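# Architecture at a glance
One-letter residues, chain by chain:
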Amino acid sequence: KNEVEQSPQNLTAQEGEFITINCSYSVGISALHWLQQHPGGGIVSLFMLSSGKKKHGRLIATINIQEKHSSLHITASHPRDSAVYICAVSLGGNTDKLIFGTGTRLQVFP
Amino acid sequence: EAGVTQFPSHSVIEKGQTVTLRCDPISGHDNLYWYRRVMGKEIKFLLHFVKESKQDESGMPNNRFLAERTGGTYSTLKVQPAELEDSGVYFCASSPLIAGWGYTFGSGTRLTVV
């Protein structure tokens, strides 16, 4: 079992829909990251959070440290939001390396 | 500000050949990480440099992989000799030494060993 689990693996939506992607982890972390990768593109960091909630435009990320769970929400989804969304946790310490989930492939249709 | 640059973007080599991947981090970022995604799997950690020193190389799969970061600037990852299972996308990421600033990723190098 992976230390970082994401759901769903694949998600399709109509433009305008509200989208939620979930991430659960089983290790102690210093922070949780939400990343985005468009087809053929590089990885872009969307959020880094260690508590509470962050918002950037139509994207909202929340984390519950006690439950070891985070969600990424996209409001008023748009076809340009189609991408793979990846949850990753950093372990802190001397290395602070990331452990990644398998990603959620989102397709938003007009 | 230039981002993290990786090259080549794609490489196709035959089994047994040598390939060298390069990563240029953001100037001033002392932390440099190499990660790899093999087909259908999650991205996994390979190693971490702080400046020119290897801080953690626990993710390096075997001694066919050699990473260097001369002078604490750019880094290279050499695979010699390459095997079929080395195929995947190799990502580089950098971050400042001060914690809490997050990571900047490169676009990755897609390596195909045939």
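Check the entry above for the structure.
Structure report, in brief.

Criteria and thresholds
Residues numbered from 1 in each chain as written. Chains lettered and ligands numbered in written order. Predicted model: local features only at pLDDT ≥ 70, side-chain atom pairs only at ≥ 80, totals over all residues. Heavy atoms only, no water. Helix = DSSP H or I, 4+ residues; strand = E, 2+ residues; numbered from the N terminus. Buried < 20%, exposed > 50% of the residue type's maximum accessible area, 1.4 Å probe, protein only. Contact = heavy atoms within 4.5 Å. Phe/Tyr/Trp six-rings, centres within 6.5 Å; stacked < 30°, edge-to-face > 60°. Lys NZ or Arg CZ within 6 Å of the ring centre and 35° of its normal.

## Here's the deal with the side chain of B:Arg64
Residues and elements named next belong to chain B.
- Inspection of the secondary structure assignment puts Arg64 in the loop between β6 (53–56) and β7 (65–68).
- Residue classification places Arg64 among the buried positions, given a relative accessible area of 13%.
- Here Arg64 is in contact with Lys78, Val79, Gln80, Pro81, Ala82, Glu83, Glu85 and Asp86, once residues within four sequence places are set aside.

## A few points about the packing of aromatic side chains
- As enumerated under the stated definition, the model contains 8 aromatic pairs over all chains in all.
- Between the aromatic rings of B:Tyr35 and B:Phe105, the centroid separation amounts to 6.4 Å while the plane-to-plane angle is 40 degrees, which identifies the pairing as tilted. A residue pair is termed long-range when its members are at least 10 positions apart, and B:Tyr35 in strand β4 (residues 31–37) and B:Phe105 in strand β10 (residues 104–105) qualify at 70 residues. Residue B:Tyr35 shares its accessibility class with B:Phe105, and that shared class is buried.
- Taking 6.5 Å as the distance between ring centres and 45 degrees as the angle between the ring planes, the aromatic pair formed by B:Tyr103 and B:Phe105 counts as tilted. Of the two residues, B:Tyr103 and B:Phe105, neither departs from the other in class, the shared state being buried.
- Chaining the aromatic ring pairs together yields one cluster made of A:Phe100, B:Tyr33, B:Tyr35, B:Phe45, B:Tyr103 and B:Phe105.
- A cation over a ring is seen here: B:Arg22 above B:Tyr74, with NZ or CZ 3.7 Å from the ring centre.

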